[in-house]
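A closer look at the structure
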Amino acid sequence: MNQWLRQLPPVHEFQKSEQFKRLVKNFQIDPSQVTKQIQQEIAQLRSMLLKGCYSPKELSKNESLFDYIWTQVEQKVTAIKQDHLIPVINATGTVLHTNLGRARLSEDAIQHMVEVARNYSNLEYKISQGERGSRHEVIEQQLINVTGAEAAMVVNNNAAAVFLTLRALAKHKQVIVSRGQLVEIGGSFRISSIMEESDAELVEVGTTNKTHLYDYQQAITDDTSMILKVHTSNFKTIGFTETVASEELVTLKQDKEQLIVYEDLGSGSLYDFHQQGVGDEPVVRDLIAAGVDLVSFSGDKLLGGPQAGIIVGKKKYIDQLKKHQLARVLRVDKLTLAGLEKTLQAYLSNQETIKQIPTVRDILKTKQEILQQVNSFVNSFERSTVPFQLEVIEQQSQIGGGTMPAVELPTYVVALSHHYDSAEIVATKLRTNQPAVISRVKDNRVLLDFRTIDQQEMKEVAEAFKRI
Ligand SMILES: *Cc1c(COP(=O)(O)O)cnc(C)c1O
């Protein structure tokens, strides 16, 4: 063992080597980063040798300790220079897949973000006056136009929007919430916990399945500041249920003028999917028209924009939110505003332009359109001689992102089974392809749902299979 320890090459031996110079040149990497890796590898090997948990026999016959260490160093350095946030192809058919980054953006939004990233911008500058401006005003008018609200602001995400609203408007005051709406979204957002953090006092009313207008009415005291309605985005109660419509909640303001009716809408659709036969998600504009004081929703769910939390409603409340210290803490980046601005503009355009938002387009994609994609994929496949069996089957895609959980969008999927590899192995090979293809596995078959695969990506999926 001692003999091996004595043979461990010193760091400077690596630094002098040709390999070292070549690696630094090829990867354009800071030499001190490479030295750090060498030191770590030598230290690790030394400690393993000392513990006796490493037998030098594991070295292949011709490999010296130098070569062994260098191979490890090269791998580590390659990893340093690799991107860790990478694009993937979503073949699951789930349009808003939270693990896969939720909404992808429209080309217009992407272009606008690139432009704003590349240049200086008027983020907080009034060009005509040559004075300091506010980033809150950059897209406020657009939000007013699409929702019909008096005022609007944008924060980091909808969780932040809920927190800011409660903290700024209901701290140490009572907030009435229906028991059926004390939801948890995505394992990390719990209404009751957010409420506690914001120092608002939660007053629960009704039962899990039924809450009536009189439940709210009876709970109102002098200390009540707000009625919070939470959209039960990610589950559905069925059977004997009753919730109070937003229009009715607003009537409670007749007896108590300062009462704030706030709706955490979660997804917050600007497009009437219901009218297209998809789900029954409320549209933000309708809630504002019903007289709800404040509505908040996500930028990257049904809206199809970048991650953001959007708050719209009465100017007197929005003004208070903008002035609150937390607004600075939760403020959004200019790239978010750029992406959001273009996405909102699409909603003010004709139907065709709205469908350039990938989220809207993919949700509305018809079975027929998907079948065309499926057929062209299957045809390209059969020309090659790969060991797969293919079947086209009818299935359902989900919207995802904790949105419209009960809605199933009819689709066609390609179900593939390999002649000898299991579906799990094929799915793993697809995932480790470049670009990674994320599929579903069911009944030992790999399912590809083309709802979330665009024309460009189809070629790449076909290529991935050829490589398998
Ligand atoms: C998704 C959701 C949130 C959290 O929104 P993020 O933008 O993910 O922070 C809050 N409330 C409801 C009802 C939701 O559906």
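Preceding this section is the structure that the text describes.
A few points on the structure. As the structure is a prediction and not an experimental result, all values here were calculated from the model.

This part is about the sheet that holds strand 5 (residues 174-178). Within a sheet, neighbouring strands are paired by backbone hydrogen bonds and run either parallel or antiparallel to one another. One open sheet holds the 7 strands; their spatial order is 4-12-11-10-9-5-8, and the pairing between them is mixed. Edge strands, defined here as strands with exactly one partner in the open sheet, are strand 4 (151-155) and strand 8 (201-205). Pairwise comparison of adjacent strand axes, ignoring direction, gives a mean angle of 20 degrees for this sheet. Note that strand 10 (residues 260-266) and strand 11 (residues 294-298) share 4 bridges and pair parallel. For D264, the partnering residue across the bridge sits in strand 11 and is S296. Across the sheet, helix 13 (residues 315-323) is in contact with strand 4, strand 10, strand 11 and strand 12 (309-313); its angle to strand 4 comes to roughly 30 degrees.

Let us now look at the pairing of strand 14 (residues 409-418). With 9 of its 10 residues buried, strand 14 lies for the most part within the structure. The pairing of strand 13 (residues 388-397) with strand 14 spans 10 bridges and is antiparallel. Paired with Q389 across the two strands is S417, which belongs to strand 14. Two elements, strand 14 and strand 17 (residues 445-449), share 4 bridges in a ladder whose sense is antiparallel. Pairing of L416 across the sheet is with V446, part of strand 17.

Among the nonpolar cores identified, the biggest contains 53 residues, and F273, V295, F297, V312, Y347 and I399 are the most heavily contacted of them. Top contributing element to this core by residue count: helix 15 (residues 334-347), with 5 residues. No fewer than three residues from each of domain 2 (88-96 + 363-467) and domain 3 (107-355) sit in this core. What V295 contacts, discounting residues up to four positions off in sequence, is Y262, E263, L265, V284, L287, I288, I310, I311 and V312. I260, L294, I318 and L330 belong to the second-largest nonpolar core, a separate cluster that totals 32 residues.

Criteria and thresholds
Each chain has its residues counted from 1, running along the sequence as written. At least 70 in pLDDT is required for a residue's local features to be given in this predicted model, at least 80 for side-chain atom pairs to be given and counted, and no such filter applies to totals for whole chains, interfaces and linings, which use all residues. Hydrogen atoms and water are omitted, and side-chain values are computed over all heavy atoms in the structure. In this analysis, strands are considered paired if DSSP registers two or more bridges between them. A run of H or I in DSSP counts as a helix once it spans at least four residues, and a run of E counts as a strand once it spans at least two, with each numbered from the N terminus. The axes are straight lines fitted to the C-alpha atoms, using for helices just the contacting stretch, and the angles between their N-to-C directions are given from 0 to 180°. In what follows, a contact means two residues having at least one pair of non-hydrogen atoms within 4.5 Å. Summary of the burial criterion: residues with accessible area below 20% of their type's maximum are buried, those above 50% are exposed, and those between are partly exposed, where the area comes from a 1.4 Å probe applied to protein chains only. In plain words, nonpolar cores are sets of buried Ala, Val, Leu, Ile, Met, Phe, Trp, Tyr and Cys residues tied together by side-chain atoms within 4.5 Å. The domain boundaries here were taken from an automatic or database domain assignment.

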